[in-house]
Amino acid sequence: MVNPKITWCPGCGNFGILTALKQAVAFLVKKGVLKEEFVVVAGIGCHAKIVDYLNLNSFYSLHGRPIATAEGVKLANPNLKVIVCAGDGDAYNEGISHLIHAAKRNIDITVLVHNNRSFALTTGQFTATSPFGFKGKSSPEGSVEEAFNPLKLMLAAKATFIARGYSAKPNHLRNLIIKGIQHQGFSFIDVLEPCLAFFNTLQTYNEKVYQVEERDLTSEKEALRKIEEWEYGKNDAKIPIGVFYKIQKPVYEKQLLGNLIPAKRKKEVDLKKALEELK
Amino acid sequence: MIQDYSILIGGAAGQGSRKAGLIIAKLFSNFGYRIFIYDDYQSLIRGGHNFSHIRASAKKILSHRRKIDFLLALDKNTLEKHRNDLDKKGIVVDLPIKTITKKAGGMPIMENTALIAGFAKMMGIDWETLEKVLKKEFKKLQSLNLKVAKAAFEKTSNLFKLKKLNQKVLPLVTGNQALALGAVKAGLDFYFAYPMTPATGILHYLAAHQEDFNLGVAQLENEIGLVNAAIGAAYSGARAMVGTSGGGFALMVEALSLAAQSETPLVVVESQRPGPATGVPTYTAQGDLLFALTAGHGDIVRFVIAPGDAEEAFFWSGKILNLAWQYQTPSILLIDKEISESTFSFNETVLAEVQYEKPLIWDKNGQYQRYQDTKNGISPLAFPGQKGIITKATGYEHDEFGLTVEEEKKVKKMQDKRLRKFKEMEKAVEELPAVKVYGNKNAKKAIVAWGSTKGPAKEAAEKLGIKMIQPVILQPFPEKQFKKALKGVEKLVLVETNALGQLGKILAGFGFQVNTKILKYNGRPFLPEEIEEGLKHG
């Protein structure tokens, strides 16, 4: 059962992400993953309404906290396929610490950032990836902050899978999401999406976005070169999309828990030995 | 001498006075004595002044007293600071520990071993008991420690013949360890924390016993992250608990509200220390009561339970975990430094009183709806990963399936469901031992005290022949039980370690007026004598 009425604006980038995510899940279900093993965790913002439109397990969390919630979901039952849908406000503003630490510990979840580079549900304010000079209701003269590059941040934070997608290229995005979910470890996909109401980047993206050649994926240097091709505040360069970086490292939950599945462990524990120690 | 000894051992941070205090307590405990240790230390790693006040008695005790019978000093400062606390017949245990340790080939850190061994000899504790306890406590450099101990034991003359009591030897457990054990007994699957005194001991204890207890323990980036992770873990079906102090709890408050709205079970251990802000980080207070009762935006009823000693910490920690799951609600176990870090003789009979109690699990009939609108407001639980079940949790207002709603009727309907659940929680509280009464039950004068103040208040009440009332569950407030406990009471004295008399305000809200207040807010717990004196004046 899903909410039949989608309330995103016509032309919203979230439609493309919804389509891509549905198709990615459908593909993996065909490959044998149980549909009920997917859990989508969303933050708060336009993007987050996606959980009402998906007939999947979901947790509609707090603004800024979906990554933290998702980490708990995964740690309690590492067999689950956990996908975070976060906004740029969630991931890069309110909850940036969780993003950095989730990447650092290499927990096996997939984070999709619906990056419209603005706070849209609150009717248009600047976020961490809005350009310098962004005119919104909280910055009528233009924002005086420069945008940062989240992919660069993720590389520095030791994420093991770093990619960028574009909502108007849902087939490409679908493949990115599949790769991200199949990656064992923390996978990060920044998804550029225009916000037709508050930051319409559609034409720019359509002109500048190109699919990068996915090679030398284990080279940090090569990844950085691609990541730096386009800085978020600028409109001068071509915008590469695709997988930029992918390496294999031990995953957090396996190292922390071994084979334990906390949600399914036997409840009875004998405390005699522990109390004997204290005599 | 009556069988109630007070021993103070102190030194600079890094000299091992706390460890020495615990070993002394274990020696008495092995002779059948009941123990309470108050540990006093500052927020620093080297230098300063730390001490442990060990009380060993034939009877169960829950606090330390003012006067000390034996003063053991690892540095001069300890002698100067505590000489005046010596009882008239009190003794300074002054041994040449530096020389003894050096001659035996020990390291300076082992001077505490020499002091313990000399004191044991002085008290008439046999070498076999001393050796047994030291072997257990010193896994590192064991033979050298024993060598130092032997030298000090031989060098010191015996002065007393400590009576061996015909009582079972009980484990010595801190409040933090007790509550960890209680939660484990009730099926704890995951503990999440960020270090914060005085709750850090829970994290250390569970991390050290992760394999024995077969559970998950994670230290995450901050309190906001870990409490949201705990909520996520509970959604997946794991019984999760988090632990912190007031400042960390403040960071968790938005998530507490999420747990309430999404009806996700969550247990927060809040071990208070004096605030506001950083306050006095390694000392004790009961100043977060009103905060714990009201934390979280929106209409929330949560369980707030304040155990008063280690056995209660064990029992109520297990109970609150079960309650949180039965009623799918955030719950707060409210303690303080005095309970967290004090050491108590722990009667193992309480073990049988806690077990895993099964929550309401979906019976697999029809389509699963996470927020099914039931008669008592409690919706069956199901977890992700099971074929045929889609479970949608949310912090938005929602319909039964978990989809967002904003229409007025639907919004009210779901709040009404939660209100019915809150009623069930109120009923549950009245079925539990939510208010305890001690002392002279027919007295006209009564003390009302909660949490760690139970220990000294109970002792004072018993001595003065008055009544002592301890509300253990503070939300939902056990109004009926409290009214019953007040029967025959004409004068009610409030005793708390905070500056505003916070429990008094809560009681007033239910129409219970206190006549006088005895408040203490210098970071230290009440001594029984202080309450006795306060009662004489009031």
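Starting afresh in each chain, residues are numbered from 1 along the sequence in its written order. Whichever chain is written first becomes A and whichever ligand is written first becomes 1, with later ones labelled in order. Thresholds applied to this predicted model are a pLDDT of at least 70 for local features of residues and 80 or more for the giving and counting of side-chain atom pairs; totals over whole chains, interfaces and linings are not thresholded and use all residues.

Concerning the overall build of chain A
Reasoning step 1: Along the backbone of chain A there are 10 helices and eight strands.
Reasoning step 2: Against the globule reference of 19 Å for 279 residues, chain A gives a C-alpha radius of gyration of 20 Å, in line with a compact fold.
Reasoning step 3: The principal-axis extents of the C-alpha atoms in chain A amount to approximately 70 × 45 × 40 Å.
Reasoning step 4: A buried classification covers 53% of the 279 residues belonging to chain A.
Reasoning step 5: Contacts in chain A between residues far apart in sequence, at least 24 positions, make up 70% of those at least 6 positions apart. We count a stretch as a helix when DSSP gives it H or I for four or more residues in a row; a strand needs E for two or more, and each element gets its number in order from the N terminus. The atom set for the radius of gyration is the C-alpha atoms, and the globule formula is 2.2 Å times the number of residues raised to the power 0.38. Residues with at least 20 other C-beta atoms within 10 Å of their own are called buried, those with 12 or fewer are called exposed, and the rest are partly exposed. The C-beta atoms themselves are positioned from the backbone. We call two residues in contact if the C-beta atoms placed from their backbones are at most 7 Å apart.

Some remarks on the sheet that holds strand β8 (residues 239-246) of chain A
Reasoning step 1: DSSP bridges decide pairing: two strands pair if at least two such bridges lie between them. Here we have nine strands laid out as an open sheet, ordered β7(A)-β8(A)-β5(A)-β6(A)-β4(A)-β3(A)-β1(A)-β2(A)-β14(B), and mixed in their pairing. Of all the strands in the sheet, the pair left with one neighbour each is β7 (209-211) of chain A together with β14 (392-394) of chain B. Each strand axis lies, on average, 20° off the axis of its neighbour in the sheet, ignoring direction.
Reasoning step 2: Pairing of strand β2 (residues 57-60) of chain A with β14 of chain B involves three bridges; the strand directions are parallel. Bridge assignment links Tyr60 of chain A to a residue of β14 of chain B, and that residue is Thr394 of chain B. Only the contacting stretch of a helix is used when fitting its axis, a line to C-alpha atoms as for every element, and angles between N-to-C directions run 0 to 180 degrees.

Notes on the pairing of strand β17 (residues 467-471) of chain B
Residue and element names in this part refer to chain B.
Reasoning step 1: With respect to burial, β17 is a largely interior element, five of its five residues being buried.
Reasoning step 2: Side chains Lys467, Ile469 and Pro471 project from β17 onto one buried face, and the interleaved Met468 and Gln470 project onto a second face that is buried too.
Reasoning step 3: Pairing of strand β15 (residues 435-439) with β17 involves five bridges; the strand directions are antiparallel. Bridge assignment links Tyr438 to a residue of β17, and that residue is Met468.
Reasoning step 4: One ladder, built from three bridges, connects strand β16 (residues 445-448) with β17; its direction is parallel. Bridging across to β17, Ala446 finds its partner in Lys467.
Reasoning step 5: What joins β16 to β17 is helix α16 (residues 454-464), and the crossover it makes is right-handed. Crossovers are described as right-handed under a simple rule: with the strands pointing away from the observer, the path leading from the first strand over the helix to the second runs clockwise.

With respect to the domain arrangement of chain B
All names here are of chain B.
Reasoning step 1: Domain assignment breaks chain B into domain 1 (4-154), domain 2 (172-353), domain 3 (360-432) and domain 4 (435-537).
Reasoning step 2: On a C-alpha basis, the centroid separation for the pair domain 2 and domain 3 is 24 Å.
Reasoning step 3: It is helix α11 (residues 246-262) that provides the largest number of residues to the side of domain 2 that touches domain 3, a total of three residues.
Reasoning step 4: In the scheme used here, Gly and all other residues not listed as nonpolar or charged are polar, with Ala, Val, Leu, Ile, Met, Phe, Trp, Tyr, Cys and Pro taken as nonpolar and Asp, Glu, Lys and Arg as charged. By residue class, the composition of the side of domain 2 that touches domain 3 is six nonpolar, six polar and one charged. A domain assignment, automatic or from a database, supplies the domain bounds used here.

Concerning the interface of chain A and chain B
Reasoning step 1: Opposite the 45 residues of chain A that make contact, chain B presents 54 residues.
Reasoning step 2: Per element, the largest residue contribution to the side of chain A that touches chain B is eight residues, and it comes from helix α2 (residues 66-76) of chain A.

Some points on the environment of Gly10 of chain B
All names here are of chain B.
Reasoning step 1: Looking at where Gly10 falls in the secondary structure, it is placed in strand β1 (residues 4-13).
Reasoning step 2: Note on Gly10: 26 C-beta atoms within 10 Å, which makes it buried.
Reasoning step 3: For the pair Gly10 and Glu128, spaced 118 residues apart in sequence, the C-alpha to C-alpha distance is 25 Å.
Reasoning step 4: Those residues in contact with Gly10 that lie beyond four places of it in its chain are Ser17, His49, Asn50, Phe51, Ala73, Leu74, Thr78 and His82.

As for the packing of helix α7 (residues 175-185) of chain B against helix α13 (residues 310-326) of chain B
Helix-helix packing: each pair is described by the crossing angle between the helix axes and the interaxial distance.
Residues and elements named next belong to chain B.
Reasoning step 1: Running from N to C, α7 and α13 point in directions that differ by 35°, and their axes come no closer than 7 Å. The element α7 and its partner α13 pack so that their crossing is right-handed. Of α13, the residues touching α7 (which contributes Gly175, Ala178, Leu179, Leu181, Gly182, Ala183 and Lys185) are Ala310, Glu311, Ala313, Phe314, Phe315, Ser317, Gly318 and Leu321.
Reasoning step 2: Here the residues of the contact of α7 with α13 sort into nine nonpolar, four polar and two charged. Crossing handedness is defined as follows: a turn of the near helix away from the far one that is anticlockwise and smaller than a right angle gives a left-handed crossing, while the clockwise case is right-handed.

Here we look at the sheet that holds strand β9 (residues 240-244) of chain B
Residues and elements named next belong to chain B.
Reasoning step 1: Strand order in the open sheet formed by seven strands is β8-β7-β9-β10-β12-β11-β18, with mixed pairing between adjacent strands. Sheet topology places β8 (216-219) and β18 (473-475) at the edges, where each strand pairs with a single neighbour. The sheet shows a mean angle of 20° between the axes of neighbouring strands, taken without regard to direction.
Reasoning step 2: When strand β11 (residues 303-305) meets strand β12 (residues 330-336), the two strands line up parallel, connected through three bridges. Opposite Phe303, over in β12, you have Ser331 as the bridge partner.

A short note on unusual backbone geometry
Reasoning step 1: Residue Pro198 of chain B is reached from Thr197 of chain B by a cis peptide bond, and omega for that bond is 5°.
Reasoning step 2: One can find Pro198 of chain B in the loop between β7 (190-193) and α8 (200-208).
Reasoning step 3: A positive phi angle, close to 75°, is found at Lys158 of chain A, a residue other than glycine.
Reasoning step 4: Following the sequence through the fold, Lys158 of chain A ends up in the loop between α5 (150-156) and β5 (161-166).
Reasoning step 5: In this structure Lys158 of chain A comes out as partly exposed when scored by C-beta crowding, with 16 C-beta atoms within 10 Å.
Reasoning step 6: Even without being a glycine, Glu263 of chain B presents a positive backbone phi close to 55°.
Reasoning step 7: For Glu263 of chain B, the location among the structural elements is in the loop between α11 and β10 (266-272).
Reasoning step 8: Note on Glu263 of chain B: 23 C-beta atoms within 10 Å, which makes it buried.

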